[in-house]
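One letter stands for each residue in the lines below.
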Amino acid sequence: MRVFIGIACMLPVFALGQSGLLNLRLDTTVIRIGEQITLHVEIAQPPGTLVEWPIIADTLNAHVEVVHDSGVDTTSIDQELIRQVRTLRITSFDSGLWAVPPFLFSVNGRPLESKPILLEV
């Protein structure tokens, strides 16, 4: 019985490690040519977890440019989670429907990839 309770207590942390750990969001998904919006990249993990952020250049793809990168800001959610947030100001000068490509992280040596986000210009 104790083993079952111990495993049940560990499940939420394991589930957090597999889903919901990484979040990308845009202020809006539709912009005018040259308009700037913010892309929020957020990852939450238990203290002591080694997170390696991807290198972000001045362009995310051929159509989406990075205007400003805030760098990584770390805050404590509670005693069990630490949140790291990076905000990017992005823009595009080409009309169309563009995918903000996925970001590839390394969490304790294991790859973790975000989902792409569509941006309409």
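Only a predicted model underlies this, so the values are computations on that prediction, with no experimental measurement involved.

**Regarding the overall build of the protein chain**
When helices and strands are counted, the protein chain shows 1 helix and 9 strands. Among the 121 residues that make up the protein chain, the fraction classed as buried is 33%. Within the protein chain, residue pairs in contact and separated by at least 24 positions form 60% of the contacts whose partners lie at least 6 positions apart. For the protein chain, the computed accessible surface area is about 7,800 Å², with 57% contributed by carbon and sulfur atoms.

**Notes on the packing of aromatic side chains**
Considering all chains together, one arrives at 1 aromatic pair under this definition. Taking the centre distance of 4.8 Å and the plane angle of 70° together, the rings of Trp53 and Phe105 count as edge-to-face. Highlighted residues: Trp53 in the loop between β3 (51-52) and β4 (65-76) and Phe105 in strand β7 (residues 104-107), separated in sequence by 52 residues. Judged by its relative accessible area of 17%, Trp53 falls in the buried class. Exposure remark for Phe105: the relative accessible area of 2% places this residue in the buried category.

**Considerations on the pattern of salt bridges**
Applying the stated criterion across every chain, the model contains 1 salt bridge. Linking Arg86 and Asp69 is a salt bridge whose minimum nitrogen-to-oxygen distance equals 2.5 Å. Within this pair, whereas Arg86 is found in strand β5 (residues 82-91), its partner Asp69 is found in strand β4, the two being separated by 17 residues in sequence. Owing to a relative accessible area of 11%, Arg86 belongs among the buried residues under this scheme. Classification of Asp69 as partly exposed rests on a relative accessible area of 26%.

Rules behind the numbers
- Residues numbered from 1 in each chain as written.
- Predicted model: local features only at pLDDT ≥ 70, side-chain atom pairs only at ≥ 80, totals over all residues.
- Heavy atoms only, no water.
- Helix = DSSP H or I, 4+ residues; strand = E, 2+ residues; numbered from the N terminus.
- Buried < 20%, exposed > 50% of the residue type's maximum accessible area, 1.4 Å probe, protein only.
- Contact = heavy atoms within 4.5 Å.
- Areas by Shrake-Rupley, 256 points an atom, 1.4 Å probe, with all protein chains shown as cover.
- Phe/Tyr/Trp six-rings, centres within 6.5 Å; stacked < 30°, edge-to-face > 60°.
- Salt bridge = Lys/Arg side-chain N within 4 Å of Asp/Glu carboxyl O.

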